[in-house]
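# Structure assessment
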Amino acid sequence: MPRYFTDEHEWIDVAGDIATVGITDYAQSQLGDIVFVELPAPGTAVEKGKDAAVVESVKAASDVYAPISGEVTEANAALEEDPALVNTSPEADGWFFKMTIGDASELDGLMDEAAYKEFVASL
Amino acid sequence: MSDQTDHAAESEDALPLDPLPLDAWHRAQGARMVPFAGYDMPIQYEGIVAEHHWTRTNAGLFDVSHMGQLLLSGEGLDAAVEAILPIDLSTLKLGQQRYSLLLDETGGVLDDLMVSRLEGALYLVVNGATKWDDIAHLREYLPDEITLQHMEEHALLALQGPKAAEVLARHVPGVAALTFMKFAAFTLAGHPVQIARAGYTGEDGFEISLPAEAAEEIATLLCAEAEVKPIGLGARDSLRLEAGLPLYGHDMTPETSPIEAGAAFGINKRRRTEGGFPGVDRIIREINEGTARKWVGLKIEGRLPAREGAEVFAGGAHVGTVTSGGFSPTLQQPIAMAYVASDHAAPGSALEVEVRGKRLAATVTPTPFVPHRYYRGS
């Protein structure tokens, strides 16, 4: 299944008409030790590029943006118990939420893995 | 993803300053550097939580060379300094260090600082972000007979933690005999240094003033000890928060008085009766009559930290504001410091803190959150 990336360091996996969203390994390494993740409730409408979640590290609170527009269908309950999953497994078990794909054309503007790697290397 | 608040990014908007003496050394240790007080400073090396725990169990080396080291000397020094600071210098003996406050005419806090007595001089350590203003203030208010030397050729390192004394004694014979808030001159790796038994973590530890050209050699020497790792500003902040110590510019500002901030001990006894320092009327009134608000510790339920600026409520009433807050690695829960109305400031008072529209249950808690372990002699 294709995975896309944003220049705000979110990733989005698309499987059929549902997408899974998280933050990248680069993002978690920049944030440091994560102590709390605030996730959108199922049913929340999120808008591309707008706040969707908040990640609290020891140091600071950071917004996580929705990579595309759609409706949240599930939040990762495991992060409530163990927010450090975002540090240890950012691009697998530490996913944030699943959502519907409101407008598939919004995916076109995102990076693929190779482009994102190049983007991170340039930072 | 983007930072909502990033304390580390706060800095003076002044011209870029020369790199600090250990700039290249930090980068070589893998530090992530951030702008702070006009310099690039290490926020972390391996990670804030690991560095925090390391300091509480072993010894951490902090570069605090951004802080201002000032040397005052000249005819009539004590009287001149007492006209500016609420300190009693008649009881500050050679080799002693004391906490003091730079106040404005209304009793607001311009900075908090350490004052130490040297032979024929006073040595001051002031905050990095305020040092240029402090120097200007001192130059304006000190008489011409007093010389102010900004020791820019000196670095400042802090070695903090339960193993700090044991480690430092390997390189500085006799240093373990110092007790909390005492200092003396020593030789470290052949370099002349001033070492104070003090710090900003709540742990036992030392602050070492040393020639800048010796900073890399001494930092490398200390970090070669198995008990020592370099620690960044991130853990420095979480450690001082657990220790209930104020951070200037956040917990104390020109808008706060030292009495509200619980720093009445910085107004020495003789000065309370004799006066003669800036802001004396308000300070004495507040000592005698109390203040409308107090700076208190809060333990917060759950895992969501409340940060600086979060509002504090008692039922429907807004009663205060958080000035520092974060997640305590030692206690594994969010903690914060806040100014709250004095009738809600008693330990045990149940309050609520609002974070992004959510009300979090909070309890006023005596500080330090984590007990201090200063060495006051055996």
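Residues numbered from 1 in each chain as written. Chains lettered and ligands numbered in written order. Predicted model: local features only at pLDDT ≥ 70, side-chain atom pairs only at ≥ 80, totals over all residues.

Another point: the overall build of chain B. Counting its regular elements, chain B contains nine helices and 20 strands. Projected onto its principal axes, the C-alpha positions of chain B cover 60 × 50 × 50 Å. Considering chain B as a whole, with its 378 residues, one finds that 48% of them fall into the buried category. When contacts within chain B are restricted to residue pairs at least 6 apart in sequence, those whose partners lie at least 24 apart make up 68%. (Helix = DSSP H or I, 4+ residues; strand = E, 2+ residues; numbered from the N terminus. Buried ≥ 20, exposed ≤ 12 C-beta atoms within 10 Å, placed from the backbone. Contact = placed C-beta atoms within 7 Å.)

It is worth spelling out the overall build of chain A at this point. Summing up its helical and strand segments, chain A has four helices and nine strands in all. Of the regular secondary structure in chain A, the N- to C-terminal order runs β-β-β-α-β-β-β-β-β-α-α-β-α. Considering only C-alpha atoms, chain A reaches an extent of 35 × 35 × 25 Å along its principal axes. Taking all 123 residues of chain A together, the buried fraction comes to 45%. The contacts of chain A with a sequence gap of at least 6 include a subset with a gap of at least 24, amounting to 61%.

So, about the interface of chain A and chain B. Facing 19 residues of chain A, the contacting portion of chain B comprises 22 residues. The set of elements that each furnish at least two residues to the side of chain A that touches chain B consists of β4 (34-38), β6 (51-57) and β7 (61-65) of chain A. When grouped by side-chain class, the residues that make up the side of chain A that touches chain B number ten nonpolar, three polar and six charged. (Nonpolar A, V, L, I, M, F, W, Y, C, P; charged D, E, K, R; others polar.)

Residues in a regular strand project their side chains so that they alternate between the two faces of the sheet. All names here are of chain B. Within strand β10 (residues 154-160), seven of the seven residues are buried, which leaves the element mostly enclosed by the surrounding structure. By the alternation rule, side chains of β10 split into H154, L156, A158 and Q160 and A155, L157 and L159, which are all buried. Two elements, strand β4 (residues 59-63) and β10, share four bridges in a ladder whose sense is antiparallel. The residue of β10 that forms the bridge with L61 is L159. Across seven bridges, β10 lies against strand β13 (residues 205-211) in antiparallel orientation. Its bridge partner being in β13, H154 is matched across the sheet by P211. (Pairing = 2+ DSSP bridges.)

Residue and element names in this part refer to chain B. For the bond from T367 to P368, the omega torsion is 5°, close enough to zero to count as cis. Mapped onto the secondary structure, P368 falls in the segment after β20 (358-365). The residue M181 is not glycine, and still its phi comes out positive at about 70°. A positive phi is found at R356, a non-glycine position, where the angle reads about 45°. Tracing the sequence through the fold places R356 in the loop between β19 (350-355) and β20. Since 11 C-beta atoms lie within 10 Å of it, R356 is described here as exposed.

Okay, helix α6 (residues 215-223) of chain B next. Among the residues making up α6 of chain B, those that are buried are A215, I218, A219 and L222 of chain B. Along the long axis of α6 of chain B, the arc covered by the buried residues comes to 100°, so they all point the same way. (Arc of directions from axis to C-beta.)

Residue and element names in this part refer to chain B. Considered domain by domain, chain B is made up of domain 1 (7-65 + 152-242) and domain 2 (292-378). Just the C-alpha atoms count here: the centres of domain 1 and domain 2 sit 28 Å apart. At the junction of the two partners, domain 1 supplies 15 residues and domain 2 supplies 15 residues. Where the side of domain 1 that touches domain 2 is concerned, the elements lending two or more residues are α2 (48-57) and α7 (233-242). When residues in the side of domain 1 that touches domain 2 are grouped by element, the largest group, four residues, is from α2. Taken together, the residues of the side of domain 1 that touches domain 2 break down into five nonpolar, five polar and five charged. (Domains from an automatic or database assignment.)

A few words now on the packing of α2 of chain B against α7 of chain B. Residues and elements named next belong to chain B. Running from N to C, α2 and α7 cross one another at 55°; their axes reach a closest spacing of 8 Å. Overall, the two elements α2 and α7 adopt an arrangement that is oblique. Judged by the twist between their axes, the crossing of α2 over α7 is right-handed. Residue-level inspection shows I48, E51, H52 and T55 of α2 in contact with α7, the latter providing G234, A235, S238 and L239. (Axes fitted to C-alpha atoms, helices over the stretch in contact; angles between N-to-C directions. Parallel < 35°, antiparallel > 145°, perpendicular 65-115°, else oblique. Left-handed = near helix turned anticlockwise from the far one by under 90°.)

Residue and element names in this part refer to chain B. The five strands lie next to each other as β6-β7-β8-β5-β9, forming an open sheet whose pairing is antiparallel. In this open sheet, the two edge strands, each paired with only one partner strand, are β6 (97-103) and β9 (147-150). Put simply, the sheet's adjacent strands are angled 30° from each other on average, direction ignored. Judged from the seven bridges that link them, β6 and strand β7 (residues 109-118) form a sheet pairing that is antiparallel. Across the sheet, residue R98 finds its bridge partner in β7, namely V115.

On to the sheet that holds β7 of chain A, then. The strand order across the open sheet formed by four strands is β4(A)-β6(A)-β7(A)-β1(B), and the pairing between neighbours is antiparallel. Lying at the two open borders of the sheet, with one neighbouring strand each, are β4 of chain A together with β1 (2-3) of chain B. Relative to β6 of chain A, β4 of chain A runs antiparallel, the two being bridged by four bridges. Bridged to F36 of chain A within β6 of chain A is E56 of chain A.

Residue and element names in this part refer to chain B. Of all ten residues that make up α2, seven are buried, and the element is covered over most of its length. Residues I48, V49, E51, H52, W54, T55 and R56 constitute the buried set of α2. Considering only its buried residues, α2 is in contact with β3 (39-44), β4, β10, β14 (228-230) and α7.

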